[in-house]
Amino acid sequence: MTQGATRRGRDETEEERADRMWGELIQEVRVAQTGVQILFGFLLTVVFQPKYVQLATVDQVIYIVTVVLGACATGALIGPVSLHRLVSGRRVKPQAVRLASRLTFVGLVLLLATMTSALLLILRVATHDSYVPFLVAAVVAWYLVCWFGLPLWARRRHTTRSDDGHRS
């Protein structure tokens, strides 16, 4: 490498790259898993509260949808761990990393839906004002900016054409 040249990327084999990407993915999943498991655990207790039977039918439906979304998000975000365990040692890590990455993305989308639904339910119960949908929409917009907008902007802004085949 010449003195003026800058090095871009890593010099690693496909297996080394898969190992690195797997480690990064698991760290990301740990953060999301913890959040979704705490939220889901909390949601499971709501139905056993005396006030649950006093909820309007529409709020009970929102609650049921929220619990189902939380269960699906939990499954998707725990899925990469099971995937890794079942394919470990089978020499398919690059493929497993791609699949686990997709499963994690689905889990994040389901977590977004769960949090949206939970926020809607809580705000509907806490206040019956007409501004609840606007509050929920504002929070969802914020999640979309933080979780998807900024990362996609950064990817587009800082990825060159030569990097396109080497995204992690």
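On a predicted model such as this, the values are computed, not experimentally measured, just so you know.

What counts, and at which threshold
The numbering scheme is per chain: residues are counted from 1 as the chain's sequence reads. Only residues with pLDDT of at least 70 are given local features in this predicted model, and only at 80 or more are side-chain atom pairs given and counted; all residues enter the totals for whole chains, interfaces and linings. Excluding hydrogens and water, the side-chain values take into account all heavy atoms of the structure. Runs of H or I in DSSP of at least four residues are treated as helices and runs of E of at least two as strands, each being numbered from the N terminus. Relative accessibility under 20% of the residue-type maximum defines a buried residue, over 50% an exposed one, and the middle range a partly exposed one, all with a 1.4 Å probe and only protein chains included. Note on contacts: a residue pair is in contact if any heavy atoms of the two residues lie within 4.5 Å. The method behind every accessible area is Shrake-Rupley, applied with a 1.4 Å probe, and residues are considered shielded solely by the protein chains displayed. Just to be clear on terms, a salt bridge is a Lys or Arg side-chain nitrogen sitting within 4 Å of an Asp or Glu carboxyl oxygen. Between the rings of Phe, Tyr and Trp (Trp by its six-membered ring), a pair exists once the centres lie within 6.5 Å; its type follows the angle of the planes, with under 30 degrees stacked, over 60 edge-to-face, and the other angles tilted. Scored between 0 and 100, pLDDT is the confidence that the predictor attaches to each residue. Side-chain atoms alone can form a polar contact between residues adjacent in sequence; in general such a contact is a pair of N or O atoms within 3.5 Å, and within protein one must be able to donate a hydrogen while the other accepts it. What counts as an axis is a line fitted to C-alpha atoms, over the stretch in contact for a helix, and the angles between N-to-C directions run from 0 to 180 degrees. Should an angle fall under 35 degrees it is taken as roughly parallel, and over 145 as roughly antiparallel, whereas 65 to 115 is taken as roughly perpendicular and any remaining angle as oblique. The hand of a helix crossing depends on one turn: near helix anticlockwise from the far one by less than a right angle means left-handed, and clockwise means right-handed. Under the grouping applied here, Gly and all other residues not named as nonpolar or charged are polar, the nonpolar ones being Ala, Val, Leu, Ile, Met, Phe, Trp, Tyr, Cys and Pro and the charged ones Asp, Glu, Lys and Arg. Surface patches are drawn from residues lacking salt bridges whose relative accessible area is over 30%; two like charges belong together within 9 Å, two nonpolar side chains (Val, Leu, Ile, Met, Phe, Trp, Tyr) within 5 Å.

## Thoughts on the overall build of the protein
Thinking step 1. Of the regular secondary structure elements, the protein holds four helices and zero strands.
Thinking step 2. Reading the protein from its N terminus to its C terminus gives the helix and strand order α-α-α-α.
Thinking step 3. When the 168 residues of the protein are sorted by exposure, 28% land in the buried category.
Thinking step 4. Look at the contacts in the protein between residues 6 or more apart in sequence, and 75% of them connect residues 24 or more apart.
Thinking step 5. Approximately 11,500 Å² of the protein is accessible, and the part contributed by carbon and sulfur atoms is 62%.

## With respect to the pattern of salt bridges
Thinking step 1. For the structure shown, the criterion picks out four salt bridges.
Thinking step 2. When the shortest N-O distance is used, the salt bridge between Glu12 and Arg20 registers 2.8 Å.
Thinking step 3. Here Lys93 ties to Asp19 by a salt bridge, and the two come within 2.9 Å at their closest N and O atoms. Residue Lys93 is found in helix H3 (residues 93-126), and its partner Asp19 is found in helix H1 (residues 14-46); the two are separated by 74 residues along the sequence.

## Overview of the packing of aromatic side chains
Thinking step 1. Scanning the model with the defined rule gives four aromatic pairs in all.
Thinking step 2. Seen from their ring centres, Tyr143 and Trp147 are 5.2 Å apart, and the 15 degrees between their planes marks the pair as stacked. Of this pair, Tyr143 and Trp147 both sit in helix H4 (residues 132-158), four residues apart, roughly one helical turn.
Thinking step 3. On the basis of relative accessibility, which here comes to 28%, the residue Trp147 falls in the partly exposed class.
Thinking step 4. Site record: aromatic cluster; members linked through ring pairs are Phe105, Tyr143, Trp147 and Phe148.

## A short note on unusual backbone geometry
Thinking step 1. One non-glycine residue, Arg91, adopts positive backbone phi at about 60 degrees.
Thinking step 2. Within the secondary structure layout, Arg91 lies in the loop between helix H2 (57-87) and H3.
Thinking step 3. The class for Arg91 is exposed, based on a relative accessible area of 77%.

## Side note on the confidence of the model for the protein
Thinking step 1. For the protein, the average pLDDT comes to 90, and 90% of its residues sit at 70 or higher.
Thinking step 2. Mean pLDDT values over the elements of the protein span from 92, in H1, up to 96, in H4.

## Focus on the side chain of Thr127
Thinking step 1. Looking at the element boundaries, Thr127 is found in the loop between H3 and H4.
Thinking step 2. The exposure class assigned to Thr127 is buried, which follows from its relative accessible area of 15%.
Thinking step 3. There is a polar contact of 2.8 Å between the side chain of Thr127 and the side chain of Asp129.

## Some points on the packing of H1 against H3
Thinking step 1. One can describe the packing of H1 onto H3 by two numbers: an axis separation of 9 Å at closest approach and a directional angle of 25 degrees. In terms of axis orientation, H1 runs roughly parallel to H3. Note that H1 runs across H3; the crossing there is left-handed. Touching Glu14, Glu15, Ala18, Asp19, Met21, Trp22, Leu25, Val29, Ala32, Val36, Leu39 and Leu43 of H1 are Lys93, Pro94, Ala96, Val97, Ala100, Ser101, Thr104, Leu108, Leu111, Thr114, Met115 and Ala118, all from H3.
Thinking step 2. Residue composition of the contact of H1 with H3, by class: 17 nonpolar, three polar and four charged.

## Focus: a nonpolar patch on the surface
Thinking step 1. Where nonpolar side chains cluster on the molecular surface, the patch consists of Trp142, Val145, Leu150 and Trp153 and spans about 460 Å² of accessible area.
Thinking step 2. Among the structural elements, Leu150 can be located in helix H4.
Thinking step 3. On the basis of relative accessibility, which here comes to 47%, the residue Leu150 falls in the partly exposed class.

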